[in-house]
Amino acid sequence: MRLLIVGGSWFVGREIVSAAISRGYDVTVFNRGRSGRPPVGATFVQGDWEDRWDVARLAGHGPWDVVVDVAGSIPAVVRNVARSLAPVTGRYVFISTISAYRDWPYAPVDESSPLWDSTPDHDPGTRRWDPDAYGPLKVGCELAIRREFGDDVLVIRPHVILGPHEYVGRLAWWLRRIDRGGRVLAPAPPDRGFQPVDVRDVASFTLDQVGQGSNGVYNVAAPIGRDTYGALLAACKEVTGGAAEIVWVDEQWLLRQGVVEWTELPLWRALPNAWAMDAGRAQAEGLRCRPLEVTVRDTWAWLSNGGRPVDHERFAEHGIAPAREAGLLAEWDRVTPRAAAS
Ligand SMILES: NC(=O)c1ccc[n+]([C@@H]2O[C@H](COP(=O)([O-])OP(=O)(O)OC[C@H]3O[C@@H](n4cnc5c(N)ncnc54)[C@H](OP(=O)(O)O)[C@@H]3O)[C@@H](O)[C@H]2O)c1
């Protein structure tokens, strides 16, 4: 198997690269080299996917059986990459996202759910992170790839991905916060369903599908109803060994105080369908999701051993300021005196 990985050094791609090398694949990695060189065993082609000459030079290193485009997010750029690689590559695998679904997080989604409207030639003219543009842009990338590769396309649409090297910083924030101890503001109810997927399981499933030559679209998430937000925070408490007290606070009250879902309290979404992605198709094809506690434990082990993700603009978005958290907890105690006293 000759595999080209476009990206491959931050988080999901990094895991795909090392898992592919472990499987004995002949791996080529293409990125700018800003985040380090690929591990021993991979061929490195340094270049920028925004630069047509770099992309043309990359094609000269082919042929490949499969390209895995891990992090493409601008349709016009992905189109150029796909067009250059089509003559020298058999199939195109694209890591997309749950955000491609127009109805997420307002309704449950499966692979037949409607996607955002988008076009394969679009370029927004900016590379700044924009959560509202993200989903439609990824759909545009999928369209561009299909135009160049027809049916020889595999699309993976993961829900939230956690694990070592996660640079968005969601689980890392909770681990550090709970490790710091004291009273920790948490959005009730603790039995809210939750279905993040471990980065290693995303990589493993993707490579299994690559190996089987499968096409089509797969949602990738932990089984609905298996995990809860309460279990996440309990696991964080367990692995950090801290004396934190988790204080569950009514989420509607938090919303009225202006607490920002998803970022200020990472991974919290008050909408009931935020964690309702049907990944049954992938599960039937062999997706195995390790226990949430293992993801939490391994991420903490990585952080505790000096693990540091790549710098990313999204990292700073996450977490609540200590003074604001303390103020909210004091106000919650005031408005719910009996709960506070118990
Ligand atoms: N995180 C989540 O919870 C989540 C959920 C659902 C879906 N996803 C999807 O999962 C994927 C996550 O990808 P990742 O960032 O972890 O992938 P990655 O492949 O590990 O990292 C991104 C790669 O892109 C390279 N790169 C960035 N700009 C480049 C450019 N202009 N030219 C060439 N290479 C460039 C980076 O290296 P250099 O900087 O050295 O160039 C790096 O190797 C994304 O597609 C995302 O949409 C994520």
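The structure displayed is predicted, hence computed values, not measured ones. (Residues numbered from 1 in each chain as written. Predicted model: local features only at pLDDT ≥ 70, side-chain atom pairs only at ≥ 80, totals over all residues. Heavy atoms only, no water.)

Novice: Whenever I open this one, the packing of helix α3 (residues 75–85) against helix α4 (residues 131–149) confuses me. Can you help?
Specialist: Relative placement of two packed helices is described by the angle separating their axes and the distance separating the axes. Look at α3 against α4: their axes get within 8 Å of each other, and the N-to-C directions meet at 20°. Comparing their axes, α4 and α3 come out roughly parallel. Judged by the sense of rotation from one axis to the other, the crossing of α3 with α4 is right-handed. Together, P75, V78, R79, A82, R83 and L85 of α3 and L137, G140, C141, A144, I145, R147, E148 and F149 of α4 make up the contact between the two elements. (Axes fitted to C-alpha atoms, helices over the stretch in contact; angles between N-to-C directions. Helix = DSSP H or I, 4+ residues; strand = E, 2+ residues; numbered from the N terminus. Parallel < 35°, antiparallel > 145°, perpendicular 65-115°, else oblique. Left-handed = near helix turned anticlockwise from the far one by under 90°. Contact = heavy atoms within 4.5 Å.)

Novice: Please clarify how the environment of G13 should be interpreted in this entry.
Specialist: Among the structural elements, G13 can be located in helix α1 (residues 12–22). When the C-alpha positions of G13 and V202 are compared, they lie 10.0 Å apart, and in sequence the two are 189 residues distant. Those residues in contact with G13, other than ones at most four positions away along the chain, are G8 and V70.

Novice: Any chance you could explain the nonpolar core here in plain terms?
Specialist: Soluble globular proteins: nonpolar side chains tend toward being buried together. With 47 residues, the main nonpolar core has W174 and L267 as its most contacted residues. Tallying contributions element by element places helix α5 (residues 170–180) first for this core, with six residues. Among all residues touching L267, those that are not within four sequence positions of it are V160, L162, R170, W174, F194, Y229, L232, W262 and W275. Core analysis: the next-biggest nonpolar cluster, separate from the first, contains 36 residues, Y25, L207, Y218 and L287 among them. (Core = buried A, V, L, I, M, F, W, Y, C linked by side-chain atoms within 4.5 Å. Buried < 20%, exposed > 50% of the residue type's maximum accessible area, 1.4 Å probe, protein only.)

Novice: For this particular structure, what's the right way to read the site of the ligand?
Specialist: Around the ligand sit 30 residues in total, of which G8, S9, V70, Y134 and Y167 are the nearest. Here an oxygen atom of the ligand sits 3.4 Å away from a polar atom, N or O, in the side chain of N31. In this structure, an oxygen atom belonging to the ligand sits 3.2 Å away from a main-chain N or O atom of G33. Within the complex, the protein chains bury 94% of what would otherwise be the 920 Å² of accessible surface of the ligand. Those elements that provide at least two residues to the shell around the ligand are α1 and α4. At three residues, the largest contribution of residues to the shell around the ligand is made by α1. (Near = heavy atom within 4 Å. Polar contact = N/O pair within 3.5 Å; in protein donor to acceptor, adjacent residues only side chain to side chain. Areas by Shrake-Rupley, 256 points an atom, 1.4 Å probe, with all protein chains shown as cover.)

Novice: Quick question: what am I supposed to make of the domain arrangement of the protein chain here?
Specialist: Interfaces are frequently sized by the accessible area removed from exposure as the parts join. Once the domains are mapped, the protein chain shows domain 1 (2–158) and domain 2 (170–195 + 223–341). Listed per partner, the contact involves 17 residues of domain 1 and 14 residues of domain 2. Carbon and sulfur atoms supply 60% of the area that domain 1 and domain 2 bury against each other, a total of about 1400 Å² over both sides. Where domain 1 meets domain 2, there are zero salt bridges. At the boundary of domain 1 and domain 2, one finds five residue pairs in polar contact (both at pLDDT 80 or more). (Domains from an automatic or database assignment. Buried area = accessible area lost by both parts, 1.4 Å probe. Salt bridge = Lys/Arg side-chain N within 4 Å of Asp/Glu carboxyl O.)

Novice: Would you explain the pattern of salt bridges in this entry?
Specialist: For side chains of opposite charge, pairing can occur when their charged atoms come near one another. All chains considered together, the criterion is met by 26 salt bridges. Notably, a salt bridge pairs R324 with E264, separated by 2.5 Å at the nearest N-O pair. Within this pair, whereas R324 is found in helix α11 (residues 322–335), its partner E264 is found in the loop between β14 (261–262) and β15 (265–266), the two being separated by 60 residues in sequence. Of the charged contacts, one joins D311 and R308 as a salt bridge, the two residues approaching to 3.1 Å between their closest N and O atoms. Residue classification places D311 among the exposed residues on the basis of a relative accessible area of 62%.

Novice: Got a minute to help me understand the packing of aromatic side chains in this structure?
Specialist: Note on aromatic pairs: each is described by the distance of the centres and the angle between the planes. Counting across every chain of the model gives twelve aromatic pairs. Centroid distance F205 to Y218: 5.3 Å. Interplanar angle 75°. Geometry classified as edge-to-face. Taken together, the residues F205 in helix α6 (residues 199–212) and Y218 in strand β11 (residues 216–220) connect sequence positions 13 residues apart. Each member of the pair, F205 together with Y218, is buried. Taken together, W104, W173, W174, F194, Y229, W262 and W275 form an aromatic cluster joined through their ring pairs. Its end group placed over the ring of W104, R269 keeps NZ or CZ at 5.9 Å from the ring centre. We note R269 situated over the ring of W262; from NZ or CZ to the ring centre the distance is 5.4 Å. (Phe/Tyr/Trp six-rings, centres within 6.5 Å; stacked < 30°, edge-to-face > 60°. Lys NZ or Arg CZ within 6 Å of the ring centre and 35° of its normal.)

Novice: Looking at this structure, how should I read the side chain of N219?
Specialist: Mapping N219 onto the fold places it in strand β11. What makes N219 buried here is its relative accessible area of 0%. Only 2.7 Å separates the side chain of N219 from the side chain of Y101, close enough to count as a polar contact. With residues up to four places along the chain from it excluded, the contact list for N219 reads Y101, V109, D110, E111, R157, M277, D278, A279 and A282.

Novice: Looking at this structure, I do not really get the sheet that holds strand β2 (residues 26–31). What am I missing?
Specialist: The strand order across the open sheet built from seven strands is β3-β2-β1-β4-β5-β6-β11, with neighbouring strands paired in parallel fashion. At either end of the open sheet lies a strand with only one pairing partner, and these are β3 (42–46) and β11. Averaged over all pairs of adjacent strands, the angle between their axes in this sheet comes to 20°, without regard to strand direction. Summarising the sheet, strand β1 (residues 2–6) and strand β4 (residues 64–69) pair through four bridges and their orientation is parallel. Paired with L3 across the bridge in β4 is V66. (Pairing = 2+ DSSP bridges.)

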